Every structure is written in structure tokens, then in C-alpha cells.
Amino acid sequence: MKRLFTILAIASALASCGIYSFTGTSIQSDVKTIEIDFVEYKALKVNPSLSNDLTEAIRQRFRQFTKLEQLEENADLELSGQIVGYEIRPTAITAQEVAAQNRLTVTVKFDFTNNKYPEDSWSGKSFSAYADYDSNNSLDAVESSLCAEIIDKLVEDIFNASVAQW
């Protein structure tokens, strides 16, 4: 019983200090707002919905896992980025020198500004994620599901780098 009480007391102390939460974030208690800019598309190969889908996924992640109010400007935290790479490359070659599997890779660069704690800020951090698909499928047939998978990975990495400080 004492052990349970001790565990509960420690958990309560950690949660109440405002620095650590059970969602994995480490946001100071006086940080209340975030500005998440629209993700610009700068890659050579065009995917018309990727910028919007990635922007909305990041905003949704912050709504779900933080109590930060999202503002259009003058926020405590600022997150901005751009898609700089969208590439398809073969990953598995058959004996006939034909691609058996292809890989779609998306690369983004982000800036994170913490206006309250500037030492936590970073700039030009690159994140990359990929998904493989069978070369018997056309990219058009699998692109939306591949992009959804890639966006999930990118959002997790960006979120962790900014407010979980991993």
C-alpha cells in the first residue's frame, strides 16, 4: 500500500509541475500557445495535396496531445516548414534488372522557435520518411495510402523534436 501511495505521489508531482506529461511532451507551464504555419511545397515532383495533408496532420497532433492554443501569429511556440523532397526510387532489383519494389521518400525541413525559452529552438532540421510498394502497382494507385503512412511518421518525428525534445 505504501508503494502504491509513493508511486501516485510521484506521478502527481510530475504531472503538476507542468514540465512533463503522460503524453510524452515536455512543455513548460507558462507556454500556452503555438503557431503552426502552412507547410510550403518546394519539391520538384508535385503532389498537390501533400502540403495541406501534412499541415493538418501536424495541427491535429498538437490538438490531441497538448493543451496549447493554436494561434495565427505571436504565439509562444512557432513551427514552420517545407517539403523539399518527393522521390521514387527502386529498392529491390530482380535478376532481369527490373525493379521489384519501389520506395517513395518524402523529406521536409522545419524550424521550431520557442519564444519563451529560445535555447529550445532549432532551425533547418531535416526529417525524412518513406514507404515501399510493389512495382506491379502504379504510383497513382498507391500514392494516397503511402503518403498517409509517411505523414504519420513525419508528424511523430516533428512533434517529438519540438515539444517532446527527443
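Read on for a plain summary of the structure. All values derive from a computational prediction rather than experimental measurement.

### Here we look at the pattern of salt bridges
For the structure shown, the criterion picks out five salt bridges. Glutamate 56 is paired through a salt bridge with arginine 59; the nearest N and O atoms lie 3.3 Å apart. Note that glutamate 56 and arginine 59 are positioned in helix H2 (residues 50-65) at a spacing of three residues, about one turn of the helix. Residue arginine 89 pairs with glutamate 87 through a salt bridge whose shortest N-O separation is 3.4 Å. Residue classification places glutamate 87 among the partly exposed residues on the basis of a relative accessible area of 38%.

### Here we look at the side chain of threonine 33
Here threonine 33 is to be found in strand E1 (residues 33-36). For threonine 33, a relative accessible area of 9% corresponds to the buried category. Within the structure, the side chain of threonine 33 is placed 2.8 Å from the backbone nitrogen of aspartate 76, a separation counted as a polar contact. When neighbours within four sequence positions are excluded, threonine 33 is seen to be in contact with Leu68, Glu69, Leu71, Ala75, Asp76 and Leu77.

### Examining H2
When the terminal C-alpha atoms of H2 are compared, their 22 Å separation across 16 residues agrees well with the 22 Å that a helix rising 1.5 Å per residue should span. Listed in full, the buried residues belonging to H2 are Leu50, Ser51, Leu54, Thr55, Ile58, Arg59 and Phe62. Angular distribution of buried residues about the axis of H2 spans 160°; they occupy a single face of the element. Turning to H2, the residues buried within the fold contact E1, strand E2 (40-41), strand E3 (69-70), strand E4 (77-93), strand E5 (99-114) and helix H3 (139-164).

### Quick look at unusual backbone geometry
The backbone phi angle of asparagine 74 is positive, close to 55°, even though this residue is not glycine. Residue position: asparagine 74 is located in the loop between E3 and E4.

### A word on the environment of phenylalanine 110
Mapped onto the elements, phenylalanine 110 comes out in strand E5. Separated by 14 residues in the primary sequence, phenylalanine 110 and glycine 124 place their C-alpha atoms 5.3 Å from one another. If we skip the residues at most four places from it in the chain, phenylalanine 110 touches Val39, Ile58, Leu79, Ser80, Gly81, Trp122, Ser123, Gly124, Lys125, Phe127 and Ile158.

### Observations regarding the packing of aromatic side chains
Two numbers describe a pair of aromatic rings. These are the distance of the centres and the angle of the planes. Per the counting criterion, the structure on display carries four aromatic pairs. Following the ring pairs from residue to residue traces out a cluster consisting of Phe62, Phe65 and Phe159.

### Describing the packing of H2 against H3
Packing of H2 against H3 leaves a shortest axis separation of 10 Å and a crossing angle of 50°. Considered as vectors, H2 and H3 are oriented oblique to each other. Where H2 crosses over H3, the handedness of that crossing is right-handed. Residues Leu50, Asp53, Leu54, Ala57, Ile58, Arg61, Phe62 and Phe65 of H2 form the contact with H3, whose participating residues are Cys147, Ile151, Leu154, Val155, Glu156, Ile158, Phe159, Ser162 and Val163. Classifying every residue of the contact of H2 with H3 gives 13 nonpolar, one polar and three charged.

Definitions and limits used
Residues numbered from 1 in each chain as written. Predicted model: local features only at pLDDT ≥ 70, side-chain atom pairs only at ≥ 80, totals over all residues. Heavy atoms only, no water. Salt bridge = Lys/Arg side-chain N within 4 Å of Asp/Glu carboxyl O. Helix = DSSP H or I, 4+ residues; strand = E, 2+ residues; numbered from the N terminus. Buried < 20%, exposed > 50% of the residue type's maximum accessible area, 1.4 Å probe, protein only. Polar contact = N/O pair within 3.5 Å; in protein donor to acceptor, adjacent residues only side chain to side chain. Contact = heavy atoms within 4.5 Å. Expected span 1.5 Å × (residues − 1). Arc of directions from axis to C-beta. Phe/Tyr/Trp six-rings, centres within 6.5 Å; stacked < 30°, edge-to-face > 60°. Axes fitted to C-alpha atoms, helices over the stretch in contact; angles between N-to-C directions. Parallel < 35°, antiparallel > 145°, perpendicular 65-115°, else oblique. Left-handed = near helix turned anticlockwise from the far one by under 90°. Nonpolar A, V, L, I, M, F, W, Y, C, P; charged D, E, K, R; others polar.

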